[in-house]
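Secondary and tertiary structure notes
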Amino acid sequence: MKTSNPVLSRLGQAAERERAAGYGPAGQPGYGQPGYGEPYPTASGYPASPPAVRPMTIDDVVVKTVTLLGITGISAIAAWNLIPDSLTGAAWMGAALTGLVLGLVISFMRMANPVLVVAYAVIEGVFVGMVSKYFTNILGFEGIVLQAVVATFGVFFLMAMLYKARVIRATPKFTKALIAIMGGLFAVMLINFVLAIFGVNTGLRDAGPIGYIFSLVCIVVASLSFILNFNEIEEGVRMGLPQRYSWTAAFGILVGLIWLYLEILRLLAYLQGDD
């Protein structure tokens, strides 16, 4: 199975490794293992049962996702209340850079590491908390955080329903096109960030026509990225990936939700600023 989501790219490879190692969806011995079809030998000479691998389920992913969201929310609230306004910018940048590095490490690891995923949720909670505090307390956009949270989860559940009803499907063309667009967006945002450091304002993140269009494009792409997540999770469950990969799946959803929230928060700030 070829993967389509960069964050969940290890799911398909994991399935291939499990099958090559001789374990099927239910953890049964298979091709590639010595004595296929025969009991496993032991030191005493008596046959033993093959090691069982508990497959990942949708419920596993849901529980892990809710757990990570809870940790992120608690971390965000704690950061909002404990970090003074004077340190908002420093905490914002520190959490953003740390989260980026940790996110890349998790994305390219061969095995899901719950400790790193939980640490990522804590750090991103600080980042989200500082960004939200900046828009609320410093820029003065009252109520914008609650609006962004409601809109984010509303979009997420809408995409889940559309995927379940097969209104939108992760076809090969859809997947390739969306991955290419996502890569292009991140490249543009990185270039814009570097230019901003040197004092060059492209208007890409300002309350103007260009800023509106770019934010809307990011929101649409972030929303559609959940289709790739759902497809990868569905395929992972179908192929019987081990339960530990539910952490990887939950991590992927968390990344998408945070991205979508930030883009919606920014667009709402644009709209309120024009009032």
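Everything quoted here is computed from the prediction, not taken from an experiment.

With that settled, consider the overall build of the protein chain. Along the protein chain, the regular secondary structure elements total 8 helices and 0 strands. Taken from N to C terminus, the helices and strands of the protein chain fall in the order α-α-α-α-α-α-α-α. Across the 275 residues of the protein chain, 43% fall into the buried class. Considering only contacts in the protein chain between residues 6 or more positions apart, those separated by 24 or more positions represent 79%.

This next bit is on helix α7 (residues 209-238). Its 30 residues give α7 an end-to-end C-alpha distance of 44 Å, which sits within 8% of 44 Å, the value for a rise of 1.5 Å per residue. A positive phi of about 75 degrees marks glycine 240, the residue just after α7.

Here the focus is a nonpolar patch on the surface. The grouping of Met93, Leu97, Leu190, Ile191, Phe193, Val194, Leu195, Ile197, Phe198 and Val200 at the surface amounts to a nonpolar patch, some 960 Å² of accessible area in total. Of all the secondary structure elements, the ones that give two or more residues to the nonpolar patch are α3 (88-108) and α6 (172-197). Counting residues per element, the nonpolar patch draws most heavily on α6, which supplies 6 residues. Among the secondary structure elements, valine 200 is positioned in the loop between α6 and α7. Under the relative-accessibility criterion, valine 200 is labelled partly exposed at 40%.

Right, let's get into the pattern of salt bridges. All chains considered together, the criterion is met by 5 salt bridges. Where arginine 166 meets glutamate 234, a salt bridge forms, and the shortest distance between an N and an O atom there is 3.0 Å. With arginine 166 in the loop between α5 (144-164) and α6 and glutamate 234 in helix α7, this pair connects stretches of sequence that are 68 residues apart. A relative accessible area of 37% places arginine 166 in the partly exposed class. The partner of arginine 205 in a salt bridge is glutamate 263, with the nearest N and O atoms 2.8 Å apart. With arginine 205 in the loop between α6 and α7 and glutamate 263 in helix α8 (residues 245-273), this pair connects stretches of sequence that are 58 residues apart.

Let's shift gears to helix α4 (residues 114-138). Within an α-helix, residues lying three or four positions from one another point in the same direction, as the helix has 3.6 residues per turn. With 25 residues, α4 should reach 36 Å at 1.5 Å per residue; the first-to-last C-alpha distance of 35 Å fits that figure. The N-terminus of α4 is capped by asparagine 113, whose side-chain oxygen sits 3.0 Å from the backbone nitrogen of valine 115. Following α4 by one or two positions, glycine 140 has its phi on the positive side, about 80 degrees.

Take phenylalanine 156: it is sitting in helix α5. With relative accessibility at 13%, the residue phenylalanine 156 sits in the buried group. Between the C-alpha atoms of phenylalanine 156 and alanine 222, which are 66 residues apart in sequence, the distance is 9.7 Å. What phenylalanine 156 contacts, discounting residues up to four positions off in sequence, is Phe226, Phe230, Ile253 and Leu257.

A separate point is the nonpolar core. Within the largest apolar cluster, 60 residues are counted, with the highest numbers of intra-cluster contacts made by Ile144 and Trp259. Elements with a minimum of two residues in this core: α2 (58-82), α3, α4, α5, α6, α7 and α8. Discounting chain neighbours no more than four positions away, the residues touching isoleucine 144 are Phe135, Thr136, Leu265, Leu268, Ala269 and Gln272.

Our next topic: the confidence of the model for the protein chain. Across the protein chain, the average pLDDT comes to 83, with 79% of residues at 70 or higher. Throughout residues 1-9 the model reports pLDDT below 50, and contacts reaching past four residues in sequence, or to other chains, amount to 35 contacts. When the criterion is pLDDT under 50, residues 22-51 qualifies, and its contacts beyond four places in sequence or with other chains add up to 39 contacts.

Relative to the helices and strands, methionine 130 is located in helix α4. The spatial distance from the C-alpha of methionine 130 to the C-alpha of alanine 76 is 7.4 Å, given a sequence separation of 54 residues. Leaving out residues up to four positions away in the same chain, methionine 130 has contacts with Ala79, Trp80, Ile83, Thr88, Ala91 and Trp92.

This part covers the side chain of serine 223. Positionally, serine 223 belongs in helix α7. In this structure serine 223 comes out as buried when scored by relative accessible area, which is 7%. For serine 223, the contacting residues outside a window of four places in its chain are Val155, Met159 and Leu260.

Moving on, we come to the side chain of threonine 152. Structurally, threonine 152 is set in helix α5. A polar contact of 2.7 Å, which involves the side chain of threonine 152, links it to the backbone oxygen of alanine 148. Apart from the residues within four sequence positions on either side, threonine 152 is in contact with Leu257, Leu260, Tyr261 and Ile264.

Conventions used here
- Sequence positions are assigned chain by chain, starting from 1 and proceeding in written order.
- It should be noted that, the model being predicted, local features are given only for residues of pLDDT at least 70 and side-chain atom pairs only at 80 or more, the latter also being counted only at that level, while totals for whole chains, interfaces and linings use all residues.
- Note: side-chain values were computed over all heavy atoms of the structure, leaving out hydrogens and water.
- Helix and strand assignments follow DSSP, with helices taken as H or I runs no shorter than four residues and strands as E runs no shorter than two, numbered in order from the N terminus.
- Exposure is judged per residue with a 1.4 Å probe applied to protein chains only, and the accessible area is read against the type maximum: over 50% gives exposed, under 20% gives buried, and values in between give partly exposed.
- Working rule for contacts: check all heavy atoms of both residues, and any pair within 4.5 Å makes them a contact.
- Under the convention used throughout, the expected extent of a helix is 1.5 Å for every residue step, that is, one less than its residue count.
- Patches were defined on residues exceeding 30% relative accessible area and lacking a salt bridge, with like-charge contacts within 9 Å and nonpolar side-chain contacts (Val, Leu, Ile, Met, Phe, Trp, Tyr) within 5 Å.
- Here the Shrake-Rupley method, with its probe set to 1.4 Å, supplies the accessible areas, and only the displayed protein chains count as covering residues.
- Just to be clear on terms, a salt bridge is a Lys or Arg side-chain nitrogen sitting within 4 Å of an Asp or Glu carboxyl oxygen.
- Within 3.5 Å is the distance limit for a polar contact, defined as a pair of N or O atoms, with the added protein rule that one can donate a hydrogen and the other accept it, and that residues adjacent in sequence qualify only through two side-chain atoms.
- The nonpolar core is taken to be a set of buried Ala, Val, Leu, Ile, Met, Phe, Trp, Tyr and Cys residues, with the residues joined through side-chain atoms within 4.5 Å.
- One confidence number per residue, pLDDT, is output by the predictor and ranges from 0 to 100.

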